[in-house]
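Coordinate inspection notes
The residues making up each chain are set out below.
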Amino acid sequence: METKVLPFCEESISLAAEILKNGGLVGMPTETVYGLAANALDEKAVCDIFAAKGRPQDNPLIVHISKIEMLPALVREIPETAKRLAEAFWAGPLTMIFPKSDVIPDRTSGGLDTVAVRMPASAAARALIDACGFPLAAPSANLSGSPSPTTAQHVFADMNGRIPLIIDDGECSCGLESTVICFKENRIHILRPGGITAEMLSQYGEVEIDKAVTAQPESGERVLSPGMKYKHYSPKANVIIVDAHGEAFAEYCTKHTSGKTLAFGAGVKEEGIFRDCGKTGEQQAHRLFALLREADELGADTVFVEIPDETGIGLAVYNRLLRAAGFEIVKA
Ligand code: TXA
Ligand code: MG
């Protein structure tokens, strides 16, 4: 199959909607990462997503909507807190988990009785959902296990020959996947941190962070969000988090260079092995996945990354890095 990459415009959206209406797959830009979209209500199309990504069948998909009116048909119940959060943070990088209605195929929800829903802020994503008239299931458009794609070129690298079309809307503004939450009694329970931070959510209720966000699940342990149990976001290189800053970070990396080594530091001068992963959490979120992919292109064996600050969106950066590093942290 030939994979076309077309810029976001009226014609490319019509073509994409045509493909999706016929049960096909399309690479879809969003403000977080690129998604691999199919009709969320079409069991067969959803199966093809799993096949194209090589994704474990029990890992449920997020269902994307373009307007709030699409929500009631997909779920059995909308908690009061969810209504307030939708008002505050949709359209945007927040995914909420609801009891699912019968229109959601079991394949979409990975066999769970719940469904994850999000309304993306990206104009391209929303134009595509509007043109289809049905919600789109979309996981990140990478091969399962590799870093999520933040450009159309990243999607092409992983999906060339597997899907007919990728809509190119440039770099994703956020760069990390959406925050995923569920509701426990009245508490907001964070399953995956993202662009809508714990601090932002705490204005709307008591927030708790699932322990799988920063801890490695025991083997065989049941996790609330199936995505959390897989090794994830990993380049081929061995990623190691270095718990040190500034001079101490630079010294550690220089001393422990072996084979082809890269070192991503916060605000470091780009020379030799060093790459700047950004000073702020927002910059780090925006750059992380692209840097991990670049490490593969350069054939790096080892990638040292300066430990991020865990506040704000930094928690999401840290969560992705922990998985990319297989939880390996060294203290310098
Ligand atoms: O930003 C995003 O969320 C991107 C873009 C494309 O929208 N999508 C994305 O999808 O990151 P994916 O499939 O890579 O991650 C979905 C996460 C997984 O960790 C999955 O386990 C969790 O959401 N999830 C989905 N449905 C769930 C459910 N019913 N209960 C618990 N976790 C769920
Ligand atoms: Mg993913």
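On a predicted model such as this, the values are computed, not experimentally measured, just so you know.

Cut-offs applied
- The numbers attached to residues start from 1 for each chain and follow its sequence in the written order.
- A letter from A marks each chain and a number from 1 marks each ligand, given out in the order of writing.
- Local features in this predicted model are restricted to residues of pLDDT 70 or higher, and side-chain atom pairs are both shown and tallied only at a pLDDT of 80 or more, whereas totals for entire chains, interfaces and linings draw on every residue.
- As a rule here, side-chain values cover all heavy atoms of the structure and leave hydrogens and water aside.
- Throughout, an axis means a line fitted to C-alpha atoms (over the contacting stretch in the case of helices), and angles, computed between N-to-C directions, take values from 0 to 180 degrees.
- In this text, helices come from DSSP runs of H or I with a minimum length of four residues, and strands from runs of E with a minimum of two, each type numbered from the N-terminal end.
- Throughout this description, any angle smaller than 35 degrees is read as roughly parallel, any larger than 145 degrees as roughly antiparallel, any in the 65 to 115 degree range as roughly perpendicular, and the remainder as oblique.
- A crossing counts as left-handed when the near helix is turned anticlockwise from the far one by less than a right angle, and as right-handed when that turn is clockwise.
- In this analysis, two residues are considered to be in contact whenever any of their non-hydrogen atoms come within 4.5 Å of each other.
- Three residue categories are used. Nonpolar comprises Ala, Val, Leu, Ile, Met, Phe, Trp, Tyr, Cys and Pro, charged comprises Asp, Glu, Lys and Arg, and polar comprises the others, including Gly.
- Only protein chains enter the accessibility calculation, which uses a 1.4 Å probe; a residue is then buried when its area is under 20% of its type maximum, exposed when over 50%, and partly exposed in between.
- Our arc is simply the arc of the directions from the helix axis toward the C-beta atoms.
- Polar contact is the term for a pair of N or O atoms within 3.5 Å; when the atoms are in protein, one must be able to donate a hydrogen and the other to accept it, and sequence-neighboring residues count only if both atoms are side-chain atoms.
- Strand pairing is assigned whenever DSSP detects at least two bridges linking the two strands.
- Only one rule defines a salt bridge in this text: a Lys or Arg side-chain nitrogen within 4 Å of an Asp or Glu carboxyl oxygen.
- Paired rings are identified among Phe, Tyr and Trp, the last through its six-membered ring, by centres lying within 6.5 Å, and are further divided according to the angle between planes into stacked (under 30 degrees), edge-to-face (over 60) and tilted (the rest).

Regarding the packing of helix α1 (residues 10-21) against helix α4 (residues 123-132)
Closest axis-to-axis distance for the α1/α4 pair is 9 Å, and the angle between their directions is 50 degrees. Accordingly, the angle class assigned to the pair α1 and α4 is oblique. You can see that α1 and α4 cross each other, and the crossing is right-handed. Note on element contacts: α4 touches α1 through Ala124, Ala127, Leu128, Ala131 and Cys132, opposite Ile13, Ala16, Ala17, Leu20 and Lys21. The residue makeup of the contact of α1 with α4, split by class, is nine nonpolar, no polar and one charged.

Points about helix α5 (residues 152-159)
Here α5 has its buried residues at Ala152, His154, Val155, Asp158 and Met159. One side of α5 holds all its buried residues, which, seen down the axis, span an arc of 155 degrees. Packing partners of the buried residues in α5 comprise β1 (4-7), β3 (35-39), α2 (43-53), β8 (165-168) and α8 (281-297). Gly161, located one to two residues past α5, shows a positive phi value of around 90 degrees.

Notes on the side chain of Glu208
Examined against the element boundaries, Glu208 turns out to sit in strand β11 (residues 207-209). In this structure the side chain of Glu208 is engaged in a polar contact, spanning 2.7 Å, whose partner is the side chain of His189.

Here we look at the side chain of Thr197
Within the element layout of this structure, Thr197 appears in the loop between β10 (187-192) and α6 (198-201). Given a relative accessible area of 9%, Thr197 falls into the buried group. The contacts of Thr197, once residues within four sequence positions are left out, are Gly312 and Ile313.

Observations concerning the sheet that holds β10
Reading across from one edge, β1-β8-β2-β3-β7-β4-β6-β5-β9-β10-β11 is the order of the 11 strands in this open sheet, with mixed pairing throughout. Bordering the open sheet on either side are β1 and β11, each of which pairs with just one other strand. Here strand β2 (residues 26-28) runs beside β3; their pairing, made up of three bridges, is antiparallel. The residue bridging Val26 from the neighbouring strand is Ala37, located in β3.

Some words on the pattern of salt bridges
Close approach of charged atoms allows side chains of opposite charge to pair. Taken as a whole and assessed by the stated rule, the structure comprises 15 salt bridges. The partner of Asp106 in a salt bridge is Lys100, with the nearest N and O atoms 3.7 Å apart. The exposure class of Lys100 is buried, given its relative accessible area of 9%. A salt bridge links Glu294 to Arg275, with the nearest nitrogen and oxygen atoms 3.7 Å apart.

Section: the packing of aromatic side chains
Per the stated rule, a full pass over the model turns up three aromatic pairs. Look at Phe89 and Tyr204: their rings are 5.5 Å apart centre to centre, the planes differ by 75 degrees, and that puts the pair in the edge-to-face class. Note that Phe89 is positioned in helix α3 (residues 80-89) and Tyr204 in the loop between α6 and β11, a separation of 115 residues in sequence. We classify Phe89 as buried; its relative accessible area is 11%. Between Phe249 and Phe274, the aromatic rings sit 6.5 Å apart at their centres with planes inclined by 65 degrees, giving edge-to-face as the arrangement. Placement of Phe249 in helix α7 (residues 246-255) and of Phe274 in strand β14 (residues 274-276) is noted, with a sequence separation of 25 residues between them. The same class applies to Phe249 as to Phe274, namely buried.

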